[in-house]
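Close look at the chain arrangement
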Amino acid sequence: MVLRPISEDDMVQYVAETLCRPKQDIFPLAVVIQSKTAGSPFYMREMLNTCHRKQCIWYDYRENGWRYDLDRVFKHFATKSYHDILDCEFITNRLAELPPMTRSILAWASLIGTSFSFALIQRLLDGEFDYKEPDVVRVAGELVCLSQTTKDTVEGLQPAIQGYIIIQTQDDDRFRFAHDRYIQAARALCGRNQPKMHFIIAQTLLKYYTANDQLLDTIASHICASVDIINERIERRQAFREVLFDCAQTAAESGARPTATKYYSNCFALLQSDPWTDGTDVLYDETLELYTRAAECYVYMTKYEEAKQLLETIIEKGKTPVDKAPAYVLRARVFVQERDSLSAFKLLKVCLRALDIEVDSDPSFEKCDAEWEQVSHQLENATMAELIARQMPMGSNLSVVGAVLIETISAAFWTCRLTVRRPS
């Protein structure tokens, strides 16, 4: 038996051509390959590559042609049923044959994305944020390498390149997977270590790559995948919450509200047990804004039950009427969407009273006319320069009162148009 290196593409093309020429000796192998791969060029190449490495197929120079051992092919590609085809597990088994360091690089890279920076992989393998666990995960009989030296990392990269699993880009530091199925197979190598690896990636990106705004969504996704570990190992989690909150706001403003709610929910999970009392890793203003923004997002998505729970918490825990005012407005909008404008108006009246604004409970057209005469007289006697130069007093809650009054007028329109008049 004489073996020589051959091109995978040449093997695929040759076998595909023999399907149209039944008289060729290799035709039975071609039929087997087609049945096992369902005609997928990717799996055909992988199967032929494996056959050649396992010496199931070889080129015989004496006979000047390809030879194969069909029994050995069936042995290496045995399935429960004859009609079963190859899937991602087959690719995972191929990756499991690679050196441990190479498998580790591929596992880390699969969690980063289609393309990855080798410098980032080296930082991850430095072990700066690694920690010991009592339970060790094994893959293909070997330990998964979560930390290693720089020399071993460089050496581990070569088998992946030679196997055409990853390829280099125009940037010397960046590589990408040759096929998306390699990403799925490499991710399967992580096993139960995957949440821990997400945690290490999040920590590394937060420390070294926060200046790159394009990576914020990537950091947020890794944080979401490792929330439990962050809660267990990190006492001060404000930096993680800040990234999630910023990404949630960006997603909500761009219309991706389901993504925003995902970030908000994980941000809630990273709060301390009592997030409303200032203390270690607790800021009242941060909690208030988080609850308010999340409730607003839920209202826009018509998830009223989730919104009600958040709004009721704000109304209960808020320190001042000004802090509670946005929650009252959003709760009133939920009432309106549920076709209960009367309840919305009553709720907004409660908010106005808390803001020291009294609403006439017994309105009449005569009172409205008198109020209008007073307002119009003030406007007629005021010059444009005076109106422009007029400033809001320091510490005034006039802007909040104005927002609540607008919602109150809207709710009152459907109940009693005489109810709302200008406050004195």
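Structural data are supplied above this passage.
Below: a short report on this structure. (Residues numbered from 1 in each chain as written. Predicted model: local features only at pLDDT ≥ 70, side-chain atom pairs only at ≥ 80, totals over all residues. Heavy atoms only, no water.)

1. Considering the overall build of the chain
Tallying secondary structure elements over the chain gives 21 helices and seven strands in all. A burial count over the chain gives 43% of its 424 residues as buried. Across the chain, contacts joining residues at least 24 apart in sequence account for 64% of those joining residues at least 6 apart. About 23,600 Å² of surface is accessible on the chain, with carbon and sulfur atoms providing 50% of the total. (Helix = DSSP H or I, 4+ residues; strand = E, 2+ residues; numbered from the N terminus. Buried < 20%, exposed > 50% of the residue type's maximum accessible area, 1.4 Å probe, protein only. Contact = heavy atoms within 4.5 Å. Areas by Shrake-Rupley, 256 points an atom, 1.4 Å probe, with all protein chains shown as cover.)

2. Observations regarding the nonpolar core
Core analysis: the biggest nonpolar cluster contains 95 residues, and Leu106, Trp108, Ile121, Ile166, Phe177, Ile223 and Tyr264 have the highest contact counts within it. Beyond its immediate stretch of four places on either side in the chain, Leu106 contacts Leu95, Leu98, Ala160, Ile165, Ile166, Phe177 and Ala186. Grouped together as the second largest cluster of nonpolar side chains are 20 residues, Leu355, Ile357, Val359 and Ala411 included. (Core = buried A, V, L, I, M, F, W, Y, C linked by side-chain atoms within 4.5 Å.)

3. A closer look at the pattern of salt bridges
What the rule picks out here adds up to nine salt bridges. Measuring nitrogen to oxygen at the nearest pair gives 2.8 Å for the salt bridge that ties Arg241 to Glu286. Of this pair, Arg241 sits in helix α13 (residues 238-253) while Glu286 sits in helix α15 (residues 284-300); the two residues are 45 residues apart in sequence, bridging distant segments of the chain. Across the pair Glu338 and Lys308 runs a salt bridge whose closest N-O atoms are separated by 2.9 Å. You can see Glu338 sitting in the loop between α17 (321-337) and α18 (341-354) and its partner Lys308 sitting in helix α16 (residues 304-317), a full 30 residues away along the chain. Residue classification places Lys308 among the buried positions, given a relative accessible area of 15%. Residues participating in the shared-partner salt-bridge network are Arg241, Asp281 and Glu286. (Salt bridge = Lys/Arg side-chain N within 4 Å of Asp/Glu carboxyl O.)

4. Observations regarding the pairing of strand β7 (residues 174-177)
Residues Phe175 and Phe177 of β7 are buried on one face, while the alternating residues Arg174 and Arg176, pointing to the opposite face, are not. Here three bridges tie strand β3 (residues 115-117) to β7, and the two strands are oriented antiparallel to one another. Residue pairing in the sheet places Ser117 in a bridge with Arg174 of β7. Sheet topology places strand β6 (residues 166-168) next to β7; three bridges connect them, and they run antiparallel. The residue bridging Ile166 from the neighbouring strand is Phe177, located in β7. (Pairing = 2+ DSSP bridges.)

5. Section: the pairing of strand β2 (residues 65-68)
Taken together, the four bridges between strand β1 (residues 57-60) and β2 define a ladder with antiparallel strand orientation. Note on β2: the bridge partner recorded for Ile57 is Tyr68. Linkage of β1 to β2, two consecutive antiparallel strands, is achieved through a turn of four residues, within which Asn64 is found at a positive phi near 55 degrees.

6. Here's the deal with the packing of aromatic side chains
Here the structure, examined in full by the defined rule, presents eight aromatic pairs. With a centroid separation of 6.0 Å and 55 degrees between ring planes, the pair formed by Phe116 and Phe177 is classed as tilted. With a gap of 61 residues between them, Phe116 in strand β3 and Phe177 in strand β7 connect regions that are remote in the sequence. Each member of the pair Phe116 and Phe177 is classed as buried. An aromatic cluster is built from Phe116, Phe118, Phe175 and Phe177, whose rings are joined through pairwise contacts. Over the aromatic face of Tyr300 sits the side chain of Arg257, whose NZ or CZ is 4.6 Å from the ring centroid. For Lys319, the ring lying beneath its charged end belongs to Tyr284, and the centroid distance is 4.4 Å. (Phe/Tyr/Trp six-rings, centres within 6.5 Å; stacked < 30°, edge-to-face > 60°. Lys NZ or Arg CZ within 6 Å of the ring centre and 35° of its normal.)

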